[in-house]
Amino acid sequence: LVGCSGDHDFLAQKGADSSVPTDVSEAADIRGEEPRILVPPADVREASLDDRVDVSEPPEPPADPWTLTWMNGLADAESARFCFVPVAADREMRDQAVPLPAGGLPFGRSLVLDQLRGVDARTMGVHPYAVIGGDASGDAGSGCSAILDAPDGAVASDGARRGPVVVSLPLIPAGTLAEARSYLGVVTGCALRWPYADAEAGADAEAGDDVAEGGDAREDGGTSRDASEAGDGNGGDASDATIDVFRPPARAAMCGASTGAPNAGLVLVRLSRREVGARFGFQSVHASAAVGVARIVAERMGGSAPIFSADLGPYQIVPRDGLTAVTRDDFGLSIGAATLRVASPGGAFAGITVSLATALAASGIDESALVEGDRLSLVLIGTQPGENPGPPWNAARLAVVRNAPLARGE
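Scoring rules and cut-offs
- Residues numbered from 1 in each chain as written.
- Predicted model: local features only at pLDDT ≥ 70, side-chain atom pairs only at ≥ 80, totals over all residues.
- Heavy atoms only, no water.
- Helix = DSSP H or I, 4+ residues; strand = E, 2+ residues; numbered from the N terminus.
- Contact = heavy atoms within 4.5 Å.
- Areas by Shrake-Rupley, 256 points an atom, 1.4 Å probe, with all protein chains shown as cover.
- Polar contact = N/O pair within 3.5 Å; in protein donor to acceptor, adjacent residues only side chain to side chain.
- Phe/Tyr/Trp six-rings, centres within 6.5 Å; stacked < 30°, edge-to-face > 60°.
- Buried < 20%, exposed > 50% of the residue type's maximum accessible area, 1.4 Å probe, protein only.
- Disulfide = S-S within 2.5 Å.
- Pairing = 2+ DSSP bridges.
- Axes fitted to C-alpha atoms, helices over the stretch in contact; angles between N-to-C directions.
- 1 Å grid on protein atoms, 1.4 Å probe; cavity = no way out; pocket = protein on both sides within 12 Å on 5 of 7 lines; lining within 4 Å.
- Points joined across faces, edges and corners; volume = space filled by probe spheres on them.
- Nonpolar A, V, L, I, M, F, W, Y, C, P; charged D, E, K, R; others polar.

Trainee: Quick question: what am I supposed to make of the overall build of the protein here?
Mentor: Tallying secondary structure elements over the protein gives 6 helices and 23 strands in all. Expressed as a percentage of contacts within the protein between residues at least 6 apart in sequence, the contacts between residues at least 24 apart total 74%. For the protein, the exposed area adds up to about 18,300 Å²; of that, 48% sits on carbon and sulfur atoms.

Encoded structure:
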């Protein structure tokens, strides 16, 4: 359907469903406070991406029931709550929204909604907000209005964050969710400001090779020692000392942003619910702001034979319409024994490899409950594959969601 980032506008993905009432030429990407037109890199625009559309297939069946699967893919939030605020005539009705889920949604996990409280999707828009931190048990009962209207959380002198931080996500216009379909919304990018000063990250921080040049290397007051000040503690020459120089992580590899401002965004797609008979149906979704073109491959255990693969640019779902059908025997000894691999077709980043069983378990899906006819989507989230970030950032992950999460039998 669409991929978007910022406060109020949508971005149509390359090859997006033409039935969506979105004017691509006017779509803007708003990261932080400054709007700009998002132009995919040349390798994305020119990539030959196979949508695997069979025009002979029947039209997409209506979903029964309508569902919105909402995933936390924020690269710098271990957990988040979300407020879905109804918007009518450009007015937000915050008093009708409650933070969901009450205890927070961990990174890589999703919740399934069969309705949006107080929203008529045909005539009303939805403004989602992410709520990071705060006392989930203490303020959830007060509703979104009190949380959104309160002063934003601040960082105290001891480095601890006081109170929740509210992050505005892109507005979902009226009519976008009106069809009887299964929708997937993935919140992506980073919700908080980059914790290191630009001077310390360096102009080429995105390449990951910068060293802070003098002064504070971190906003928390940590410093890098200059070689001339370092000694062995016994009057020895500084050249004999081992100097531990702090290197800020690559900003683009963590958040996908070239500035320190938050760039939390939203990828919103329709999931196919076409029947696949006695097989399993798969789609793949790109929802990582830190990754350009990526290839997702499913292989039999040992990499002896590919089961299927998908090349995706940012915000894309492949196949766009329909599913890639796989028999149970294609997986090997068991469904979970299959291997999932994420790589860069151009070698721009290191790959990651996990078993399907691991991806299912991390997503809260019971492998033993899967049966022929089930439809699943693999969702790329988090930082750039190959990075090994520590808190507050989440490593790249392939999450899994059901395309028909509330359907009978799934």
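What follows continues from the structure just given.
Trainee: Would you mind showing me how to read the side chain of R81 here?
Mentor: Structurally, the position occupied by R81 is in strand β5 (residues 79-88). At a separation of 3.3 Å, a polar atom in the side chain of R81 contacts the main-chain carbonyl oxygen of G133.

Trainee: Can you walk me through the environment of Q384 in this structure?
Mentor: Inspection of the secondary structure puts Q384 in the loop between β22 (375-381) and β23 (397-402). Here the alpha-carbon distance between Q384 and A75, two residues 309 residues apart in the chain, equals 9.7 Å. In this structure Q384 touches A253, A290, V291, A348, F349 and A396, once residues within four positions along its chain are discounted. Among the polar contacts listed, one links the side chain of Q384 to the backbone oxygen of A290, at a separation of 3.4 Å.

Trainee: It is not clear to me how the packing of aromatic side chains should be interpreted in this structure. Could you clarify?
Mentor: The geometry of an aromatic ring pair is captured by the separation of the ring centres together with the interplanar angle, meaning the angle of the planes. Scanning all chains against the criterion turns up 9 aromatic pairs. When the ring of W194 is compared with that of W393, the centres are 5.2 Å apart and the planes differ by 35°; the resulting orientation is tilted. Taken as a pair, W194 in the loop between β13 (182-188) and α4 (198-201) and W393 in the loop between β22 and β23 lie far apart in primary sequence, 199 residues in all. Side by side, W194 and W393 carry an identical accessibility label, which is buried. An angle of 35° between the planes, with centres 5.1 Å apart, marks the rings of F282 and F308 as tilted. Pair noted here: F282 is in strand β15 (residues 280-286) and F308 is in strand β17 (residues 306-312), with a separation of 26 residues, a long-range link. Here F282 and F308 have matching classes, each one buried. The rings of F280, F282, F308 and F331 are connected pair by pair, giving a single aromatic cluster.

Trainee: Explain the state of the cysteines here, please?
Mentor: One way to say it: the disulfide is the covalent bond shared by the sulfur atoms of two cysteines. Per the counting criterion, the structure on display carries 2 disulfides. Across the disulfide from C83 sits C144; the S-S distance is 2.0 Å. Disulfide C83 to C144: torsion about the S-S bond roughly -95°, handedness left-handed. Pair noted here: C83 is in strand β5 and C144 is in helix α3 (residues 143-149), with a separation of 61 residues, a long-range link. Across this residue pair, the class does not change: C83 and C144 are buried. Here the disulfide map of the protein reads 1-2, 3-4, the bonded cysteines being numbered as they appear in the sequence.

Trainee: Explanation requested: the sheet that holds β17 in the structure shown.
Mentor: Each strand in a sheet pairs with its neighbour through backbone hydrogen bonds, running either in the same direction (parallel) or in the opposite one (antiparallel). Reading across the sheet, the 4 strands line up as β17-β16-β20-β21 and stay open at both edges, with antiparallel pairing between neighbours. Strands with a single pairing partner mark the edges of an open sheet, and in this sheet they are β17 and β21 (352-355). Sheet twist, expressed as the mean angle between neighbouring strand axes with direction ignored, is 15°. Sheet topology places strand β16 (residues 294-299) next to β17; 6 bridges connect them, and they run antiparallel. Looking at β17, one finds that V297 is bridged to S309.

Trainee: Explain empty space enclosed by the protein to me, please; I cannot follow it from the model alone.
Mentor: Tallied over the full model, the rule gives 3 cavities of 30 Å³ or more. Roughly 40 Å³ of internal volume is contained in the second largest cavity. Partitioned by chemical class, the residues of the lining of the second largest cavity number 8 nonpolar, 3 polar and no charged.

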